[in-house]
Amino acid sequence: MTDSFAINKANWDERAPLHAASPDYNFADFVADPAYLSGVLRFDRPRLGDVTGLRAVHLQCHIGTDTVSLSRLGASVTGLDFSGASLAEARRLASAAGARIDFHEANVYDAVEVLGAGRFDLVYTGIGALCWLPSIARWASVVAGLLRPGGRLFIRESHPMLGTLDDADPAVPRYPYFEHAEPMVFDEPVTYVEVDGALSNSVNHEWAHSLGEIITALLDNGLTLTGFTEHDSVPWNALPGQMVHDEAEDEWRLKDAPSRLAASYTLQAVKGG
């Protein structure tokens with residue numbers, strides 16, 4: 001998988017400064033308002049609950065908007081990402097926003113080795129992370145390794161059902177639902193937020209993971225499922241021309257009968273003692 005990770009790293013290194021400059025990531029709001037939270041964390045907060053004083057690690061933290069938001073909710077936060085360019089933007093944001101966050105550059109599969117075993121009360125993974133990983137079982141072992149006994153995983157992720165859909169109009173199932181050895185290869189010169197310019201490192205590799213595979217991997221690694229909620233929305237325009245923006249929630253859902261599509265889910269689990 002070395003080539004796939006190198007290809008994806010080049011892709012995300014190029015995206016990082018474009019995303020940081022995009023109005024969709026709202027860097028200016030974080031700096032101007034010390035209480036400002038990312039749209040993702042505002043959506044997560046009712047299920048996330050009180051994180052005051054928790055030792056939290058945000059895996060695949062990208063440019064740090066959700067990481068800073070976790071810190072503003074009172075957690076002591078560590079952020080990890082494999083893209084040095086993303087972390088440069090995350091550190092710049094944290095400094096400008098007055099957040100003290102410990103950022104580390106590493107592949108998520110190396111997180112236990114880099115950060116230490118059993119150190120965290122909370123593992124947080126934001127939306128759009130798991131599709132970049134070839135093995136969900138290996139990811140679940142990392143989550144279990146990072147958590148202390150009784151520690152919690154919180155993840156909101158795009159739904160595997162959404163991941164199967166071609167964004168043609170109308171959307172139809174085209175891509176795998178279940179995990180597969182060979183990556184899906186995409187060549188996309190544009191990214192998912194409003195930016196100036198196109199990507200030159202436009203190729204990326206992705207993998208699908210079914211809900212059953214994700215849940216089973218966590219159970220196999222000693223975690224107990226404590227919550228699971230499916231949502232009809234995601235925080236980006238996943239099916240252009242077929243979704244509408246809910247400004248109050250900063251979420252996108254099908255404009256016609258949104259109950260037809262499970263677009264994302266929230267999963268919570270606890271590591272046994």
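Not measured: the values here are computed from a predicted model.

## Structural notes on the state of the cysteines
Then, number 1: Using the criterion set out here, one finds zero disulfides in the structure.
Then, number 2: No disulfide involves Cys-61; its nearest neighbouring cysteine sulfur is the one of Cys-131, lying 16 Å away.
Then, number 3: Cys-61 gets classed as buried once you look at its relative accessible area, which sits at 4%.
Then, number 4: With relative accessibility at 22%, the residue Cys-131 sits in the partly exposed group.

## Description of the packing of helix 7 (residues 136–146) against helix 9 (residues 211–220)
Then, number 1: Where helix 7 meets helix 9, the closest approach of the two axes is 8 Å, and the angle between their N-to-C directions is 40 degrees. Considered as vectors, helix 7 and helix 9 are oriented oblique to each other. Like other packed secondary-structure pairs, helix 7 and helix 9 cross with a definite hand, here right-handed. Contacts between helix 7 and helix 9 involve Ile-136, Ala-137, Trp-139 and Ala-140 from the former and Glu-213, Ile-214, Ala-217 and Leu-218 from the latter.
Then, number 2: Taken together, the residues of the contact of helix 7 with helix 9 sort by class into seven nonpolar, no polar and one charged.

## Some thoughts on the layout of surface pockets
Then, number 1: Looking at the second largest pocket, its volume works out to about 220 Å³.
Then, number 2: In this structure, the second largest pocket is lined by Met-161, Leu-165, Asp-169, Pro-170, Ala-171, Gly-241, Gln-242, Leu-254, Lys-255, Asp-256, Arg-260 and Leu-261.

## A short note on the pairing of strand 5 (residues 147–158)
Then, number 1: Pairing geometry for strand 4 (residues 120–125) and strand 5, over five bridges, is parallel. Following the sheet pairing, Tyr-124 is matched in strand 5 by Phe-154.
Then, number 2: Each parallel crossover has a hand, and the one from strand 4 via helix 7 to strand 5 is right-handed.

## Let's talk about helix 3 (residues 39–48)
For the α-helix, the turn length of 3.6 residues means that residues three or four positions removed from each other point alike.
Then, number 1: Those residues of helix 3 not exposed but buried are Gly-39, Val-40, Leu-41, Phe-43, Asp-44 and Leu-48.
Then, number 2: Tucked into the core, helix 3 has its buried residues touching helix 4 (65–72), strand 4, strand 5, strand 10 (223–231) and strand 12 (251–254).
Then, number 3: Gly-49 lies just past helix 3 and shows a positive phi near 75 degrees.

## Considerations on the packing of helix 4 against helix 5 (residues 84–97)
Then, number 1: One can describe the packing of helix 4 onto helix 5 by two numbers: an axis separation of 9 Å at closest approach and a directional angle of 35 degrees. Read as a crossing pair, helix 4 and helix 5 show a hand that is right-handed. Between helix 4, through Thr-65, Val-68 and Arg-72, and helix 5, the contact on the second element is made entirely by Leu-93, Ala-94 and Ala-97.
Then, number 2: Among the residues making up the contact of helix 4 with helix 5, the classes are represented as four nonpolar, one polar and one charged.

Criteria and thresholds
Residues numbered from 1 in each chain as written. Predicted model: local features only at pLDDT ≥ 70, side-chain atom pairs only at ≥ 80, totals over all residues. Heavy atoms only, no water. Disulfide = S-S within 2.5 Å. Buried < 20%, exposed > 50% of the residue type's maximum accessible area, 1.4 Å probe, protein only. Axes fitted to C-alpha atoms, helices over the stretch in contact; angles between N-to-C directions. Helix = DSSP H or I, 4+ residues; strand = E, 2+ residues; numbered from the N terminus. Parallel < 35°, antiparallel > 145°, perpendicular 65-115°, else oblique. Left-handed = near helix turned anticlockwise from the far one by under 90°. Contact = heavy atoms within 4.5 Å. Nonpolar A, V, L, I, M, F, W, Y, C, P; charged D, E, K, R; others polar. 1 Å grid on protein atoms, 1.4 Å probe; cavity = no way out; pocket = protein on both sides within 12 Å on 5 of 7 lines; lining within 4 Å. Points joined across faces, edges and corners; volume = space filled by probe spheres on them. Pairing = 2+ DSSP bridges. Right-handed = clockwise from strand over helix to strand, strands pointing away.

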